[in-house]
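Descriptive analysis of the structure
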Amino acid sequence: MRKTKILSKVSIDKEHSIKLQFPFLQNIKENIDHGNMGRVATSVFDHWITCESEYPLLDNIDAAEQENRNKKFLSHWAAIFEATEVFTVRYRGQWPQKEKLVIKQYTDKACYLTQCKQKMLSTPFQFLILPEFDSLYVASWDDTHVLYFNDRLRAEPVLRLAEKSGLHVLEYD
């Protein structure tokens, strides 16, 4: 039985155009700096969790509530896959001398969604490149993911899909 291929290599031209479109790609991936990109968050919460009394919303939640949150995000990830081409990054070579950032395209929705699932014992690692929407989308552990964009108007479809999935859009600035 042949294993389903999750990611495919992109052409050199496509990889080059993505890296030109997102010059801060590696910095965002490594959580260093987002450069001049705008950002918003998609969250299960309708506001930023800022005070200590709300911290229990992030921790020690029951399984049913976590499953509900996970379904919203999974619905959103699926809607994104259906709306556009979805890319991600991988590192190749031996760290640190030959470490190279490589762009890959998701080719199979079911496998892609498996990689998007929240797992109770690990932090999500999903990092999406959405060239059509001029955006990078980064999963986070706290049920609030970050959408970085060069042009807010082009990123709006991602935010509308989030709201259709039951998520809220939280502004940073």
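Residues numbered from 1 in each chain as written. Predicted model: local features only at pLDDT ≥ 70, side-chain atom pairs only at ≥ 80, totals over all residues. Heavy atoms only, no water.

Between its terminal C-alpha atoms helix α5 (residues 152-164) stretches 18 Å, which fits the 18 Å expected from 13 residues at 1.5 Å a residue. Residue Val 158 marks the point of greatest curvature in α5, where the axis turns by about 25°. Every buried residue belonging to α5 is among Ala 155, Val 158, Leu 159, Leu 161 and Ala 162, and all of these are buried. Buried residues belonging to α5 abut β2 (38-43), α3 (63-83), β5 (127-130), β6 (135-138), β7 (144-149) and β8 (168-171). Between the side-chain oxygen of the N-cap and the backbone nitrogen of Leu 153 there are 3.0 Å, and the N-cap of α5 in question is Asp 151. Among the residues trailing α5, Gly 166 stands out with phi positive, at a value near 90°. (Helix = DSSP H or I, 4+ residues; strand = E, 2+ residues; numbered from the N terminus. Expected span 1.5 Å × (residues − 1). Bend = angle between axes of the 7 residues up to and from the residue. Buried < 20%, exposed > 50% of the residue type's maximum accessible area, 1.4 Å probe, protein only. Contact = heavy atoms within 4.5 Å. Polar contact = N/O pair within 3.5 Å; in protein donor to acceptor, adjacent residues only side chain to side chain.)

Another point: the packing of aromatic side chains. Here the structure, examined in full by the defined rule, presents four aromatic pairs. Taken together, a centroid distance of 4.9 Å and an interplanar angle of 65° make the contact between Tyr 106 and Tyr 112 edge-to-face. Residues Tyr 106 and Tyr 112 agree in their burial class; the two are buried. An aromatic cluster is present here, built from Phe 81, Tyr 106 and Tyr 112 joined pairwise through their rings. (Phe/Tyr/Trp six-rings, centres within 6.5 Å; stacked < 30°, edge-to-face > 60°.)

To continue, consider the layout of surface pockets. Approximately 500 Å³ is the volume attributed to the largest pocket. Broken down by secondary-structure element, the contributors of at least two residues to the lining of the largest pocket are α2 (25-29), β2 and β7. Its residues assigned to classes, the lining of the largest pocket comprises 17 nonpolar, eight polar and four charged. (1 Å grid on protein atoms, 1.4 Å probe; cavity = no way out; pocket = protein on both sides within 12 Å on 5 of 7 lines; lining within 4 Å. Points joined across faces, edges and corners; volume = space filled by probe spheres on them. Nonpolar A, V, L, I, M, F, W, Y, C, P; charged D, E, K, R; others polar.)

Here the focus is the pattern of salt bridges. Overall, the coordinates contain seven salt bridges when judged by the stated rule. Between Glu 15 and Lys 19 there is a salt bridge, and its shortest N-O distance comes to 3.0 Å. In this pair, Glu 15 and Lys 19 both sit in helix α1 (residues 12-21), four residues apart, roughly one turn of the helix. With relative accessibility at 33%, the residue Lys 19 sits in the partly exposed group. Among the salt bridges present, the one from Glu 171 reaches Arg 152, with a minimum N-O distance of 2.8 Å. Here Glu 171 is found in strand β8, whereas its partner Arg 152 is found in helix α5, with 19 residues between them in sequence. Taken together, the shared-partner salt bridges in this structure form one network comprising Glu 65, Arg 69 and Asp 143. (Salt bridge = Lys/Arg side-chain N within 4 Å of Asp/Glu carboxyl O.)

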